[in-house]
Amino acid sequence: MNTVRMPKTINFGKDALSETQYPKNALVVTTAPPDVSAKWLARMNIQDYMLYDKVEPEPSIETVNKVMAEFKPKNPSVIIGLGGGSSLDVAKYAGMEMKIPKILIPTTFGTGAEMTTYCVLKFDGKKKLLQDERFLADMAVIDAYFMDGTPEAIVKNSVCDACAQATEGYDSKRGNEFTKMLCKSAFDVLYDAIMNNKPENYPFGSMLSGVGFGNASTTLGHALSYVFSNEGVPHGYSLSSCTTIAHRFNKSVFYDRFKEVIEKLKFDKLTLKAPFDQAADVVMTDKGHLDPNPLPVSKQDVIQLLKDIVDGKL
C-alpha cells in the first residue's frame, strides 16, 4: 500500500493571497521586518490577527517556545507561517504543540516546505531534520505575488532547488506512481518556465514538486550538495552541479534536460576546500539520501563524483 499526504486545502494562482479567507484571532509568525510584513498583511486583507516577527533565520526550538509562551494564553484560532522556510518551520512546530490549525504561506519558493511533513529546527545549536505527520499544513497558500522584487540570484537558486527535488524525487526508490506523476509534472512545468522565460510559473512547479518529493525523498544529488553547503555555497547553487552529476551516475531520464536547465540559468563551476576523501566520508553518512538512491553508491564513487564536479566534468 502507498500513502500520500498533503495539506487539506491548497489555494494557488493569481490573487490566492488576497482571496483566501483567514480566521479571526490568527497568530502570524514571520522573519520579515515591519515595513515588509505590513505590505504582505495588507495584501492578505487579514483583519484580526496577532503578529510575532522575531523569527530568526535557521530558528531554534527556543524560538518556538517563546512563541508558545507569549501567545498560547491568548488562544489563537490558527497559526499562519508567513515567509521563507524559517517562518514555516516555526509555525509547523508551534501549531503542532498548541494543537491549532496551520496555514503556511511561502514568500519564497523552491523548498516546497509548505507541502511537506518535514521541519528543520536547531536543538543545542545544531540543525535537526524532523518528520511528523502533525507538521502538515491544514492550508497552503501559493501566490507568485511574492516574486516581485526578489533578487535574481535567489530566484535562480530556488528554481534549481525545485528542479532537483522534482527529478531526484522521481528517481527515488521511495516513490510510487502518484509521486512520480507529480514529480514529472513539476519538472515539466519548471523546465518549460525556465527555457521559455516564464518565471511566474516557478511557484506552481515548486508546489507540485513539494507534494511529490515530500512523499518520496531526494537522493544522491542532495547528499553530495551538503559538503558544498557546509562551505557556504547556497543550497540551490550547490545542487546545480551535484544533481546533474548524480543524474549522470544514476542514468536518470532527466539528465539531459536537467543539464540544459543549469546551462540556461548560467551557474558557475563549484569549488571545494575540504579534501575529497574527507568530504566523501561526510556524504557517506547521509543514509537518508543515499538509501533511497536508485543505485548503490560507494565511497570511491563519491570521491570520483566530487572530483568531476570540481573539474566541471558534468
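Everything numeric here is computed off the predicted structure, so don't read it as measured data.

## Comments concerning the overall build of the protein
Inference 1: If you tally the helices and strands in the protein, you get 13 helices and eight strands.
Inference 2: In terms of overall size, the protein behaves like a compact globule, its C-alpha atoms giving a radius of gyration of 19 Å where 314 residues would be expected to give roughly 20 Å.
Inference 3: Principal axes of the C-alpha set define a box for the protein whose edges measure 55 × 45 × 45 Å.
Inference 4: Looking at the protein as a whole, 54% of its 314 residues qualify as buried.
Inference 5: Total accessible area computed for the protein in this model is approximately 14200 Å², and 52% of it derives from carbon and sulfur atoms.
Inference 6: Computed over 36 positive and 38 negative side-chain charges, the inter-centroid distance for the protein is 2 Å.

## Section: the UniProt feature "domain: Alcohol dehydrogenase iron-type/glycerol dehydrogenase GldA" (unreviewed entry) in the protein
Inference 1: As recorded in UniProt, the feature "domain: Alcohol dehydrogenase iron-type/glycerol dehydrogenase GldA" (unreviewed entry) lies at residues 7-143.
Inference 2: The span residues 7-143 shows a helical share of 29% and a strand share of 28%, and its end C-alpha atoms are spaced 16 Å apart.

## Some remarks on the packing of helix 9 (residues 235-250) against helix 13 (residues 299-311)
Inference 1: Running from amino to carboxyl end, helix 9 crosses helix 13 at an angle of 130 degrees, the nearest separation of the two axes being 10 Å. Classified by the interaxial angle, the pair formed by helix 9 and helix 13 is oblique. Once helix 9 is placed against helix 13, the crossing between them reads as right-handed. The residues of helix 13 that touch helix 9, namely those facing Ser241, Cys242, Ile245, Arg248 and Phe249, are Asp301, Leu305, Asp308 and Ile309.
Inference 2: Residues belonging to the contact of helix 9 with helix 13 are distributed by class as follows: five nonpolar, one polar and three charged.

## Focus: helix 4 (residues 85-98)
Inference 1: With 14 residues, helix 4 should cover 20 Å at 1.5 Å per step; its first-to-last C-alpha distance of 20 Å lies within 8% of that length.
Inference 2: Among the 14 residues in helix 4, twelve count as buried, and that is most of the element.
Inference 3: Those residues of helix 4 that sit buried are Ser86, Ser87, Leu88, Asp89, Val90, Ala91, Lys92, Tyr93, Ala94, Gly95, Met96 and Met98.
Inference 4: Buried residues in helix 4 make contact with strand 2 (26-29), helix 3 (61-71), strand 4 (78-83), strand 5 (102-106), strand 6 (118-123) and strand 7 (126-131).
Inference 5: In the segment just after helix 4, lysine 99 is the residue with positive phi, at about 60 degrees.

## A word on the layout of surface pockets
A probe matching the size of a water molecule, rolled over the atoms, marks out where space remains unfilled.
Inference 1: Quantified by volume, the largest pocket comes out at close to 1900 Å³.
Inference 2: Lining the largest pocket are 49 residues; nearest its centre among them are Thr111, Val120, Lys127, Asp161 and His235.
Inference 3: Tallied by class, the residues present in the lining of the largest pocket amount to 19 nonpolar, 23 polar and seven charged.
Inference 4: Residue contributions to the lining of the largest pocket reach at least three from each of two domains, namely domain 1 (9-147) and domain 2 (152-311).

## What about the environment of methionine 1?
Inference 1: Note on placement: methionine 1 falls in the segment before strand 1 (9-12).
Inference 2: A C-alpha to C-alpha distance of 43 Å links methionine 1 and lysine 54, two positions 53 residues apart in sequence.

## Structural notes on the sheet that holds strand 1
Inference 1: The strand order across the open sheet built from six strands is 1-8-5-4-2-3, with neighbouring strands paired in parallel fashion. Pairing within the sheet leaves two strands with one partner each, and these edge strands are strand 1 and strand 3 (49-52). Each adjacent strand pair in this sheet contributes to an overall mean axis angle of 20 degrees, direction not counted.
Inference 2: Packed onto the sheet, helix 2 (residues 34-44) meets strand 2, strand 3, strand 4 and strand 5 and runs at close to 125 degrees relative to strand 4.

## Quick word on the UniProt feature "domain: Fe-containing alcohol dehydrogenase-like C-terminal" (unreviewed entry) in the protein
Inference 1: With numbering aligned to this structure, UniProt lists the feature "domain: Fe-containing alcohol dehydrogenase-like C-terminal" (unreviewed entry) at residues 159-274.
Inference 2: The span residues 159-274 shows a helical share of 70% and a strand share of 0%, and its end C-alpha atoms are spaced 27 Å apart.

## Remarks on the side chain of serine 225
Inference 1: With respect to the helices and strands, the residue serine 225 is situated in helix 8 (residues 220-229).
Inference 2: Accessibility expressed as a relative area gives 0% for serine 225, which makes it buried.
Inference 3: A polar contact of 2.8 Å, which involves the side chain of serine 225, links it to the backbone oxygen of histidine 222.
Inference 4: The residues touching serine 225, leaving out its near neighbours within four places in the chain, are His235, Ser238, Leu239 and Cys242.

## What to know about the pairing of strand 6
Inference 1: Across six bridges, the pairing between strand 6 and strand 7 is antiparallel. Counted as the bridge partner of valine 120 is leucine 129 from strand 7.
Inference 2: As consecutive antiparallel partners, strand 6 and strand 7 are separated by two residues, and within that stretch aspartate 124 has a phi angle of approximately 55 degrees, a positive value.

## Let's talk about the state of the cysteines
Inference 1: For the structure shown, the criterion picks out zero disulfides.
Inference 2: Between cysteine 183, a free cysteine, and cysteine 163, which holds the nearest cysteine sulfur, the sulfur-to-sulfur gap is 12 Å.

Cut-offs and rules
- Residues numbered from 1 in each chain as written.
- Predicted model: local features only at pLDDT ≥ 70, side-chain atom pairs only at ≥ 80, totals over all residues.
- Heavy atoms only, no water.
- Helix = DSSP H or I, 4+ residues; strand = E, 2+ residues; numbered from the N terminus.
- Rg over C-alpha atoms; globule rule 2.2 N^0.38 Å.
- Buried < 20%, exposed > 50% of the residue type's maximum accessible area, 1.4 Å probe, protein only.
- Areas by Shrake-Rupley, 256 points an atom, 1.4 Å probe, with all protein chains shown as cover.
- Lys, Arg positive; Asp, Glu negative; His and termini not counted.
- Charge placed at Lys NZ, Arg CZ, Asp CG, Glu CD.
- UniProt positions renumbered as here; feature names shortened; annotations may be inferred.
- Axes fitted to C-alpha atoms, helices over the stretch in contact; angles between N-to-C directions.
- Parallel < 35°, antiparallel > 145°, perpendicular 65-115°, else oblique.
- Left-handed = near helix turned anticlockwise from the far one by under 90°.
- Contact = heavy atoms within 4.5 Å.
- Nonpolar A, V, L, I, M, F, W, Y, C, P; charged D, E, K, R; others polar.
- Expected span 1.5 Å × (residues − 1).
- 1 Å grid on protein atoms, 1.4 Å probe; cavity = no way out; pocket = protein on both sides within 12 Å on 5 of 7 lines; lining within 4 Å.
- Points joined across faces, edges and corners; volume = space filled by probe spheres on them.
- Domains from an automatic or database assignment.
- Pairing = 2+ DSSP bridges.
- Polar contact = N/O pair within 3.5 Å; in protein donor to acceptor, adjacent residues only side chain to side chain.
- Disulfide = S-S within 2.5 Å.

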